[in-house]
Amino acid sequence: MWDDAFPSFLIGLREGLEAGLIVSILVATLVRADARSRLPQVWTGVLAAIALAMSFGAVLTFTAASLSATAQEAFGGSLSVIAVAFVTAMVFWMRRSARSLSGEIKEKVTGALGMGAGVLIVTSFLAVGREGLETALFLWTTAQAAGESAGPLTGAAIGLVLAAVLCWGLYRRVLRINLTKFFTATGAVLIVIAAGVLGYGLRDLQEGSVLPGNTAFAFDLSGSVDAGSWYGTLVQGVFNLTPTMTWLQVVGYGGYLAVVMTLFVRGVRDTAPKPVREETPRAQDAPRSARHRPGWVVPVAVVTVPAVIAGLAVALGRPKPAAAQTVAVSEKECGKGFSAPKPGRQTFQMHNTGDKTSEVYLVDPATNAVYGEIEGLAPGTTRALVATVGGGTYAWRCVPTGGAVVTSKAVRVAGTGSAKAVVPVSAQDLAGPLAQYKAYVDQGLATLVTQTRALATDVKGGRLGKARTDWLTAHRTYASLGAAYGTFEDFDQRIDGRADGLPGGVHDKDFTGFLRVEHGLWHGEPATSLTGPAEQLAVDAAGLREAFPHQDFDPGDLPLRAHEILENTLQFELTGDTDEGSGTNLATADANLAGTRELLTVLRPLLTTRSPHLLPTVDADIARLQALLDAARHGASWTPVERLDQTTRARLDGATGQLLEDLSPVPDLLEIRKSA
């Protein structure tokens, strides 16, 4: 988390110290002027500034949440560019003003002491408010870049706490810090971080269709640089540099860094401190208010007003309440209450008025394209369905369990633009790919029977060296059929089951199959005691081949396997959990990858029409993982997982995890949905 927290830590430390110094000077000036009674006015202004900053952050968050995906990219990118501008101005201003800051603040306080309470509140509010708004904006943009808020908020909190401690030390004169050098050093680091934020913001603007060049990549190092490694994560988190960047990102990043850093290094000549008046007015010189008012009124007012304004902005900026359009779901009332919504992100309250659990889809009735869905809506219950609506025709499709499919009356939404939809898949659509894959599995099982018989023969004949080679060949064949393991029923446990959970562990009588034979072959077990397990493995393989054509294979399970094969690879093979002595987990992972590739081959026509950009990304991920696995192969031998260095292991895990993430949309894209 530190990689995402560091930029926010630095901005929290720097902005916190900047604001803290201003507050310290305000407090010290009042204390020396014997005007301690005016301190609550300073703290009121400070609290108001904090409330404004937090409210500003809330407005940004809820405004972004109410936008479409494309608009969110454009909104976030615009704010990133604005944040870079603010931070750049702050860096140069603090470099120039650090030495004269104390004199300027004292002059303002001196003037405020001779006026009413409101002037001192405004003085402290303005002094701290700018830093608060800058901090809120920069934190929001860094959280967007990181894709999560825990790291950036944690870093900022640590930075602010440390800044408060330093300011207290400076105020009490127990610390001595060269502030000019401090702000110079942190300014240089912030310029580098701001360059990364600018690059991230430009990419958002490209993805939001505000700027061109979305597919004009300057470089693509995803095949050779492991984005999931510790160093890849660190570089991306701190500097916002990614393995793939567009030309606009590169030019913006490099140009900003070259120009701004050059100007900063040249330095801005410090202005001489402004003279401070020798005599500071005493508290008794300040006029008293003609009418007494409770001391709590002003603090409560200045803290509450920004929060109320923010609340109104959030409320007005959110999507229309879902309750404004409640839609019935049932065989008799499907779509009742549905009227043409406005284009944009909409929330509908789906209420099941029937007596059966139901699925419900927002569809284009002409093409059956699905814009939103809810599964398992129980009778009498209500759930929200959020969907982005563009110009076009929409209807509700209700699918009660065991009941007839009902499609509501269609409504026409006026407007331009289109909403992203999923073209539904039927069981018939998957029939062809399923037949192809079953043929592949059947052929693989025929090969497996031959290979396991050869293994059993070698073990029985005492040729254990050759048996080890035969074992790996047969096991890789079985591992490449992983997409069908869900239909192998209890054959899978007998053929490739682990010893975990068995009372006797690896010595349990129920421990059978490949891993049982592996344990014996690589732990010096004699051929006489291994003959039985090896022959039983051959019998089970033959039984599976005979049973497979008669086993049920739900077409809807086919897309699930595209993700599940490599989930098991990551869980068992890349951890070494299933290694019984051969050290060939990476060989099994390689076979799992081959099975995934074969599955994607039969699904490719369906995926290409539904998500044209998915398969090129997945293909690049597969090539990257394949290269890492090939590097661990040395002829007929493989590097055991436990002997991999930390970097290589992290790269394998990262590449597999990235492939899994990019494969995750496949089950949703190819989910079987009833269309009539």
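What you see is a predicted model, and the numbers here were worked out from it, not measured in a lab.

About the thresholds
- Throughout, a residue's number is its position along its own chain's written sequence, starting from 1.
- Per-residue local features of the predicted model are confined to residues with pLDDT of at least 70, and side-chain atom pairs are confined, for both listing and counting, to 80 or more; whole-chain, interface and lining totals are unaffected and use all residues.
- Side-chain metrics in this entry use all non-hydrogen atoms of the structure; hydrogen atoms and water are not considered.
- The buried label applies to any residue whose accessible area, calculated with a 1.4 Å probe on protein chains only, is under 20% of its type's maximum; exposed applies above 50%, and partly exposed to all values in between.
- Numbering of helices and strands runs from the N terminus; a helix is a DSSP stretch of H or I covering at least four residues, while a strand is a stretch of E covering at least two.
- One requirement defines pairing of two strands: DSSP has to find at least two bridges between them.
- The predictor attaches a confidence to each residue, and that confidence, scored 0 to 100, is pLDDT.
- A contact between two residues is defined here by any heavy atoms of the two lying within 4.5 Å.
- Buried Ala, Val, Leu, Ile, Met, Phe, Trp, Tyr and Cys residues form a nonpolar core when they are joined through side-chain atoms within 4.5 Å.
- Salt bridge criterion: a side-chain nitrogen from Lys or Arg within 4 Å of a carboxyl oxygen from Asp or Glu.
- The term disulfide is used for any two cysteine sulfur atoms that are within 2.5 Å.
- The axes used here are C-alpha line fits, helices contributing only the stretch in contact, and every angle between their N-to-C directions lies in the interval 0 to 180 degrees.
- Only protein atoms enter the 1 Å grid used here, on which a cavity is any set of points holding a 1.4 Å probe that cannot leave and a pocket is any open set flanked by protein within 12 Å on both sides along at least five of seven lines; residues with an atom within 4 Å of a point are listed as lining.
- Grid points are joined across faces, edges and corners, and a volume is the space filled by probe spheres set on the points.
- Ten residues, namely Ala, Val, Leu, Ile, Met, Phe, Trp, Tyr, Cys and Pro, are considered nonpolar, four, namely Asp, Glu, Lys and Arg, are considered charged, and the remaining ones, Gly among them, are considered polar.
- By this rule the span expected of a helix is its residue count minus one, scaled by 1.5 Å.
- The directions from the helix axis to the C-beta atoms form the arc being described.
- In this analysis, rings of Phe, Tyr and Trp, with Trp reduced to its six-membered ring, are considered paired at centre separations within 6.5 Å, and the interplanar angle assigns stacked below 30 degrees, edge-to-face beyond 60, and tilted for intermediate values.
- We count a charge as sitting over a ring when the NZ of a lysine or the CZ of an arginine lies within 6 Å of the ring centre and within 35 degrees of the ring normal.

1. What to know about the pairing of strand β8 (residues 392–400)
(1) Moving on: Counting buried positions along β8 yields eight of nine residues, so the element is predominantly enclosed.
(2) Moving on: Of the pairings in the sheet, the one linking strand β5 (residues 358–363) to β8 comprises six bridges and is antiparallel in character. By the bridge assignment for β8, S358 is matched with P400.
(3) Moving on: In this structure, β8 lies alongside strand β10 (residues 411–413), joined through three bridges in antiparallel fashion. Bridging from a neighbouring strand, T393 pairs with R412 of β10.
(4) Moving on: Here β8 pairs with strand β9 (residues 406–407) via two bridges, running antiparallel. Bridge pairing in β9 links R397 to T407.
(5) Moving on: Between β8 and β9, which pair antiparallel and follow one another directly, the connecting turn spans five residues, one of which, G402, has a positive phi of 75 degrees.

2. Regarding the confidence of the model for the protein chain
(1) Moving on: Across the protein chain, the average pLDDT comes to 78, with 70% of residues at or above 70.
(2) Moving on: Low confidence marks residues 268–293, where pLDDT is under 50. Its contacts with residues over four positions away, or in another chain, come to 34 contacts.
(3) Moving on: Taken together, the stretch residues 313–323 has pLDDT below 50 and engages in 13 contacts with residues farther than four places along the chain or on a different chain.

3. Some thoughts on the side chain of H475
(1) Moving on: Mapping H475 onto the fold places it in helix α12 (residues 464–479).
(2) Moving on: With relative accessibility at 5%, the residue H475 sits in the buried group.
(3) Moving on: The residues touching H475, leaving out its near neighbours within four places in the chain, are D496, F514 and T588.

4. Concerning the nonpolar core
(1) Moving on: Formed by 66 residues in total, the largest nonpolar core has its most connected members in F488, F514, L586, L603, L607, L659 and L670.
(2) Moving on: Excluding anything up to four places from it in sequence, L670 contacts V425, L430, P559, L603, L606, L607 and R610.
(3) Moving on: Core analysis: the next-biggest nonpolar cluster, separate from the first, contains 19 residues, V327, M350, V360 and L385 among them.

5. Some thoughts on the pattern of salt bridges
(1) Moving on: Counted under the stated rule, the structure contains 14 salt bridges.
(2) Moving on: The shortest N-O distance in the salt bridge between D619 and R604 comes to 3.1 Å. Of this pair, D619 sits in helix α18 (residues 614–631) while R604 sits in helix α17 (residues 585–610); the two residues are 15 residues apart in sequence, bridging distant segments of the chain.
(3) Moving on: A residue is classified by how much of its surface remains accessible, and D619, at 32% relative accessible area, is partly exposed.
(4) Moving on: Look at R604 and you get partly exposed, because its relative accessible area is 31%.
(5) Moving on: Each of D458, R463, K466 and D470 takes part in a single network of salt bridges with overlapping partners.

6. So, the environment of V370
(1) Moving on: Within the secondary structure, V370 sits in strand β6 (residues 370–377).
(2) Moving on: Separated by 27 residues in the primary sequence, V370 and R397 place their C-alpha atoms 9.5 Å from one another.

7. Some details on the state of the cysteines
(1) Moving on: For the structure on display, the rule yields one disulfide.
(2) Moving on: Put simply, C334 and C398 are joined by a disulfide, and their sulfur atoms are 2.0 Å apart. One disulfide, between C334 and C398, carries an S-S torsion of 85 degrees and so falls in the right-handed class. Here C334 is found in the loop between β3 (326–329) and β4 (344–352), whereas its partner C398 is found in strand β8, with 64 residues between them in sequence.
(3) Moving on: Accessibility expressed as a relative area gives 0% for C398, which makes it buried.

8. Digging into the sheet that holds strand β7 (residues 382–389)
(1) Moving on: With mixed pairing, the three strands of this open sheet are ordered in space as β3-β4-β7. Of all the strands in the sheet, just β3 and β7 have a single pairing partner and so form its edges. The sheet shows a mean angle of 35 degrees between the axes of neighbouring strands, direction not considered.
(2) Moving on: Where β4 meets β7, eight bridges bridge the pair, whose relative direction is antiparallel. Bridge pairing in β7 places Q349 opposite A384.

9. Brief notes about empty space enclosed by the protein
(1) Moving on: Per the counting criterion, the structure on display carries three cavities of 30 Å³ or more.
(2) Moving on: Taken together, W471, H475, L515, E518, E573, T578, D579, S582, G583, T584, N585 and T588 make up the full set of residues lining the largest cavity.
(3) Moving on: Broken down by secondary-structure element, the contributors of at least two residues to the lining of the largest cavity are α12, α14 (514–521) and α17.
(4) Moving on: Per-class residue counts for the lining of the largest cavity are two nonpolar, seven polar and three charged.

10. Looking at the pairing of β6
(1) Moving on: Of the strand pairs in this sheet, β5 and β6 are connected by five bridges, and their pairing is antiparallel. Note that in β6 the partner of V363 across the bridge is V370.
(2) Moving on: Where β5 folds back on β6, the antiparallel hairpin that results is connected by six residues, among which N368 adopts a positive phi of roughly 65 degrees.

11. Focus on α18
The periodicity of an α-helix, 3.6 residues per turn, causes residues three or four places apart in sequence to face the same way.
(1) Moving on: The terminal C-alpha atoms of α18, which comprises 18 residues, lie 26 Å apart, in line with the 26 Å expected from a rise of 1.5 Å per residue.
(2) Moving on: Among all positions of α18, only L614, L615, V618, D621, I622, R624, L625, Q626, L628 and L629 are buried.
(3) Moving on: On its buried side, α18 packs onto α17, β11 (633–634), β12 (637–638), α19 (646–663) and α20 (666–669).

12. Side note on helix α9 (residues 247–266)
(1) Moving on: Across its 20 residues, α9 extends 28 Å between first and last C-alpha, which sits within 8% of the 28 Å expected from 1.5 Å per residue.
(2) Moving on: The set of residues buried in α9 consists of Q249, G252, Y253, Y256, V260, M261 and F264. Across the axial projection of α9, the buried residues extend over an arc of 120 degrees, all falling on one side. Away from its buried face, by an angle of more than 90 degrees, α9 presents the exposed residues W247, V251, V259, V265 and R266.

13. Some points on the packing of aromatic side chains
(1) Moving on: Evaluated as defined, the whole model comprises 10 aromatic pairs.
(2) Moving on: Between W471 and F514, the aromatic rings sit 6.3 Å apart at their centres with planes inclined by 75 degrees, giving edge-to-face as the arrangement. Of this pair, W471 sits in helix α12 while F514 sits in helix α14, and the two are 43 residues apart along the sequence.
(3) Moving on: Of the residues examined, W471 reaches a relative accessible area of 0% and is grouped as buried.
(4) Moving on: Under the relative-accessibility criterion, F514 is labelled buried at 0%.
(5) Moving on: Measuring from centroid to centroid gives 6.1 Å for Y478 and F514, while their planes differ by 40 degrees, and the two rings are tilted. Separated by 36 residues along the polypeptide, Y478 in helix α12 and F514 in helix α14 bring together distant segments of the chain. F514 matches Y478 in its accessibility class, with the two residues each being buried.
(6) Moving on: Pairwise contacts between aromatic rings join W471, Y478, F488, F514, W522 and F548 into one cluster.
(7) Moving on: The ring of W522 has R468 lying over it, and the distance from NZ or CZ to the ring centre is 6.0 Å.

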